[in-house]
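Descriptive analysis of the structure
Residues per chain, in single letters:
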Amino acid sequence: MQQLLSLLPKIDQILQAPQLSHCNKGLLKKLAQQYLQHLREQILTHQLHSIPPYKDLLQTLKEQYHHITSPSLIPLINATGVVLQTNLGRSVFSQNIIAKIAQNLSEYSNLEYDITQGKRGERYEHIKAIICALFDCEDALVLNNNAAALMLIINTFAKNKEVIISRGELVEIGGSFRIPEVIKESGGILHEVGATNKTHLKDYEEAINEESAMIIKVHQSNFAQIGFTQSIDYKELQKLAQQYHLIDYYDVGSGYIKGIKCNEPSLLEIAKNHPSLVSFSGDKLLGGTQAGIVFGKKALIEKLKKNHLLRALRIDKISLMFLQETLLAYLKDELSLIPTLSMLNQTPKELLQKAQILQAQLQRHCNLQTQIIPTSSKAGGGSLPLLDFPSYGISLQVSHAQDFCATLRQKGLISRIHQDKILLDMRCIQERHFDKIVEILKETLKSPTAI
Ligand SMILES: *Cc1c(COP(=O)(O)O)cnc(C)c1O
């Protein structure tokens, strides 16, 4: 064993190796020490009975170095047909908006600086006027995400008090985020009313007592109920809350404003009733950055701003810049600046044309059987669960669809499997991706395990 240990190379020798000359010496030394320590432990516990050849050892270190120094957050092509794919980052930005933000990022800004007065300002001011103009509301606040908005609202107004909520709206959003749990963790006491399928106005009314702080309505987001169901309109809940001097709060979830043909209640409609508080996400149907937007009555928003938790939940400056641009696009009706809307609005005819161009390119460069088929794509991100967006896809005939799909994934193309074939749905694929898709498929076809 001692003899084996003595055969391990010295750190200095590794650091001088020409194969590793491109590596940062400090980082390489750390990795080499860890690796040698690992080998030493394996020898001492009799798991290793010979030292790997020196060149293999260097190769392992080289791979480790490459792995740790390569950014792991990489661009992917979304061929799933799900526009707001939560796992793939929900909304994307237009090049136009990115170019504007990119210029600002290398400079200081007036993030929290009032340039007219020359003193400290508020980051929320940059967006408040835009939100108030859009929704004709008194005041607004933006946070890290909509979960943060829910948390801050409950913690500010319903700590140790009761929050009245319908049993039909105790939603789980995904990633084990559950509305009732967040309410409880934020200090609120749940007062559930009604049944899973039906809640009446009198259920809410009977629940009101001296411990009540708020009536909340939560958008069901990712599911829908059909059949023997009933829920109460926000307008009626608002009236009831006012009658008993409670706060009414609507967690709208996706934040649909305009630009898509759907039955989703638009925030523009909701705002007309002047709710006490409304919150929604910035990166779902709104099509902007991760953020939680709150608007409503000025006196309430001011209380939210005084909660010390706000510091932990606030929006960061990069998100704020993106959100400002996205909301300005809505304000000026420049909806082509919002790719989420453009992707959802593509007609089947446009999608078919895109599919034909890509198919021709694939036929020219790849030895593959392809077929264009009608598909059904989705909005995703927990929104519009019942709505199908008719689309077209290219199906690829391969013999081991699972393996092929996995190889495509490794190379940056996220597809799905449909009837044992690979399906590339055209809805989220842009023309700028075509060359890359051809290249990925060519490479995948070369690898022996894939076909
Ligand atoms: C998505 C969603 C949330 C959470 O929003 P994030 O911005 O992802 O934090 C909260 N409530 C509802 C109803 C939602 O649909």
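Residues numbered from 1 in each chain as written. Predicted model: local features only at pLDDT ≥ 70, side-chain atom pairs only at ≥ 80, totals over all residues. Heavy atoms only, no water.

**Examining the sheet that holds strand E11 (residues 247–253)**
Remark on secondary structure: sheet strands pair via backbone hydrogen bonds, oriented parallel or antiparallel. The strand order across the open sheet formed by seven strands is E5-E13-E12-E11-E10-E6-E9, and the pairing between neighbours is mixed. Lying at the two open borders of the sheet, with one neighbouring strand each, are strand E5 (139–143) and strand E9 (189–193). Mean inter-strand twist for the sheet, computed between neighbouring axes without regard to direction, equals 25 degrees. The pairing of strand E6 (residues 162–166) with strand E10 (residues 212–218) spans three bridges and is classified as parallel. Counted as the bridge partner of Glu-162 is Ser-212 from E10. (Pairing = 2+ DSSP bridges. Helix = DSSP H or I, 4+ residues; strand = E, 2+ residues; numbered from the N terminus. Axes fitted to C-alpha atoms, helices over the stretch in contact; angles between N-to-C directions.)

**A word on the site of the ligand**
Near the ligand, the surroundings consist of 14 residues, among which Ala-147, Ser-221, Asp-251, Ser-281 and Lys-284 are the closest. Note that an oxygen atom of the ligand is positioned 3.0 Å from one of the backbone N or O atoms of Asn-146. One nitrogen or oxygen atom from the side chain of Asp-251 is found 2.7 Å from a nitrogen atom belonging to the ligand. Within the complex, the protein chains bury 95% of what would otherwise be the 380 Å² of accessible surface of the ligand. For the shell around the ligand, the secondary structure elements donating two or more residues are helix H7 (146–157) and E11. When grouped by side-chain class, the residues that make up the shell around the ligand number five nonpolar, six polar and three charged. (Near = heavy atom within 4 Å. Polar contact = N/O pair within 3.5 Å; in protein donor to acceptor, adjacent residues only side chain to side chain. Areas by Shrake-Rupley, 256 points an atom, 1.4 Å probe, with all protein chains shown as cover. Nonpolar A, V, L, I, M, F, W, Y, C, P; charged D, E, K, R; others polar.)

**Looking at the pattern of salt bridges**
Scanning all chains against the criterion turns up 21 salt bridges. Between Glu-325 and Lys-100 there is a salt bridge; the shortest N-O distance is 3.4 Å. Remark: Lys-100 occurs in helix H5 (residues 95–105) and Glu-325 occurs in helix H14 (residues 317–331); sequence separation between them is 225 residues. A relative accessible area of 16% places Glu-325 in the buried class. Residue Lys-100 is classed as partly exposed on the basis of its relative accessible area of 35%. Salt-bridge contacts for Lys-128 lead to Glu-125; the nearest nitrogen and oxygen are separated by 3.8 Å. A residue pair is termed a helical-turn pair when its members lie 3 or 4 positions apart in one helix, as Lys-128 and Glu-125 do in helix H6 (residues 125–135) at three residues. (Salt bridge = Lys/Arg side-chain N within 4 Å of Asp/Glu carboxyl O. Buried < 20%, exposed > 50% of the residue type's maximum accessible area, 1.4 Å probe, protein only.)

**A word on the sheet that holds strand E17 (residues 416–418)**
The strand order across the open sheet built from five strands is E2-E14-E15-E18-E17, with neighbouring strands paired in mixed fashion. With one partner strand each, in any of the chains shown, strand E2 (82–84) and E17 form the two edges of the open sheet. On average, each strand axis in the sheet is inclined to that of its neighbour by 45 degrees, with strand direction left out of account. The pairing of strand E14 (residues 369–380) with strand E15 (residues 389–397) spans nine bridges and is classified as antiparallel. Residue pairing for E15: Thr-370 is matched across the bridge by Leu-396. Lying on the sheet, helix H16 (residues 348–365) is in contact with E14 and E15; it crosses E15 at an angle near 15 degrees. Packed on one face of the sheet, helix H17 (residues 401–410) meets E17 and strand E18 (421–425) and runs near 40 degrees to E18. (Contact = heavy atoms within 4.5 Å.)

**Side note on the packing of helix H3 (residues 25–44) against helix H4 (residues 54–69)**
Packing of H3 against H4 leaves a shortest axis separation of 10 Å and a crossing angle of 125 degrees. Accordingly, the angle class assigned to the pair H3 and H4 is oblique. With respect to the hand of their crossing, H3 and H4 are arranged in right-handed fashion. Along the contact surface, H3 presents Leu-27, Leu-28, Leu-31, Ala-32, Tyr-35 and Leu-39, while H4 presents Leu-57, Thr-60, Leu-61, Gln-64, Tyr-65, Ile-68 and Thr-69. Across the contact of H3 with H4, the residue classes break down as 10 nonpolar, three polar and no charged. (Parallel < 35°, antiparallel > 145°, perpendicular 65-115°, else oblique. Left-handed = near helix turned anticlockwise from the far one by under 90°.)

**A look at the pairing of E10**
In terms of burial, E10 is a largely internal element, seven of the seven residues being buried. As defined by bridge partners, E10 adjoins E11 across five bridges and the pair is classed as parallel. Looking at E11, one finds that Ile-216 is bridged to Tyr-249. Running through helix H10 (residues 234–243), the crossover from E10 to the neighbouring parallel element E11 is right-handed. (Right-handed = clockwise from strand over helix to strand, strands pointing away.)

**Description of the environment of Asn-222**
Considering the arrangement of structural elements, one finds Asn-222 in the loop between E10 and H10. Taking relative accessible area as the criterion, Asn-222 reaches 29% and is therefore assigned partly exposed. Distance from Asn-222 to Thr-289, taken between C-alpha atoms, is 20 Å for residues 67 residues apart in sequence. Separated by 3.0 Å, the side chain of Asn-222 and the backbone oxygen of Glu-172 make a polar contact.

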